[in-house]
Amino acid sequence: MLKIKDNVDLKKLEKFGFEYDEDNDYWFYYAFTEPRDQSEVRYYIDNKDRRISILLDMYVNPYKRLDKIYDLIQAGLVERK
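Report follows, based on the coordinates. (Residues numbered from 1 in each chain as written. Predicted model: local features only at pLDDT ≥ 70, side-chain atom pairs only at ≥ 80, totals over all residues. Heavy atoms only, no water.)

## A look at the packing of aromatic side chains
Point 1. All told, the structure shown has three aromatic pairs when counted by the stated rule.
Point 2. Plain terms: the ring middles of F28 and Y43 are 6.0 Å apart, the flat faces sit at 45° to each other, and that makes the pair tilted. Residue F28 is found in strand β3 (residues 26-34), and its partner Y43 is found in strand β4 (residues 37-45); the two are separated by 15 residues along the sequence. No difference in accessibility class separates F28 from Y43, as the two residues are buried.
Point 3. One aromatic cluster is present, built from ring pairs that chain together F18, F28 and Y43. (Phe/Tyr/Trp six-rings, centres within 6.5 Å; stacked < 30°, edge-to-face > 60°. Helix = DSSP H or I, 4+ residues; strand = E, 2+ residues; numbered from the N terminus. Buried < 20%, exposed > 50% of the residue type's maximum accessible area, 1.4 Å probe, protein only.)

Below, the structure is given as structure tokens:
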């Protein structure tokens, strides 16, 4: 399981395009519009336990579905639990 580190202010996620919602969670939505790859990926980060959830269409290119998580890992915001 991947999660955002406890010492990270969740507001930093906004720099990566995440938005805060009324359920106190952060989310990011991306729709792929390429002709052979019309699908979507949604990333959710629970405000309480900071777990990262990824919801995706089964047709998403496997390399594209992890782009956002890779960015968060490179920034040092993610840990494995």
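## What to know about the pattern of salt bridges
Where side chains of opposite charge bring their charged atoms close, a pairing between them can arise.
Point 1. For the structure on display, the rule yields four salt bridges.
Point 2. A salt bridge links K3 to D6; the shortest N-O distance between them is 2.8 Å.
Point 3. Given the relative accessible area of 7%, K3 is considered buried.
Point 4. Judged by relative accessible area, D6 falls into the exposed class, the value being 54%. (Salt bridge = Lys/Arg side-chain N within 4 Å of Asp/Glu carboxyl O.)

## Brief notes about the environment of K81
Point 1. Residue position: K81 is located in the segment after β6 (78-80).
Point 2. In this structure the C-alpha to C-alpha distance between K81 and K5, which are 76 residues apart in sequence, comes to 9.7 Å.
Point 3. If we skip the residues at most four places from it in the chain, K81 touches M1 and K3. (Contact = heavy atoms within 4.5 Å.)

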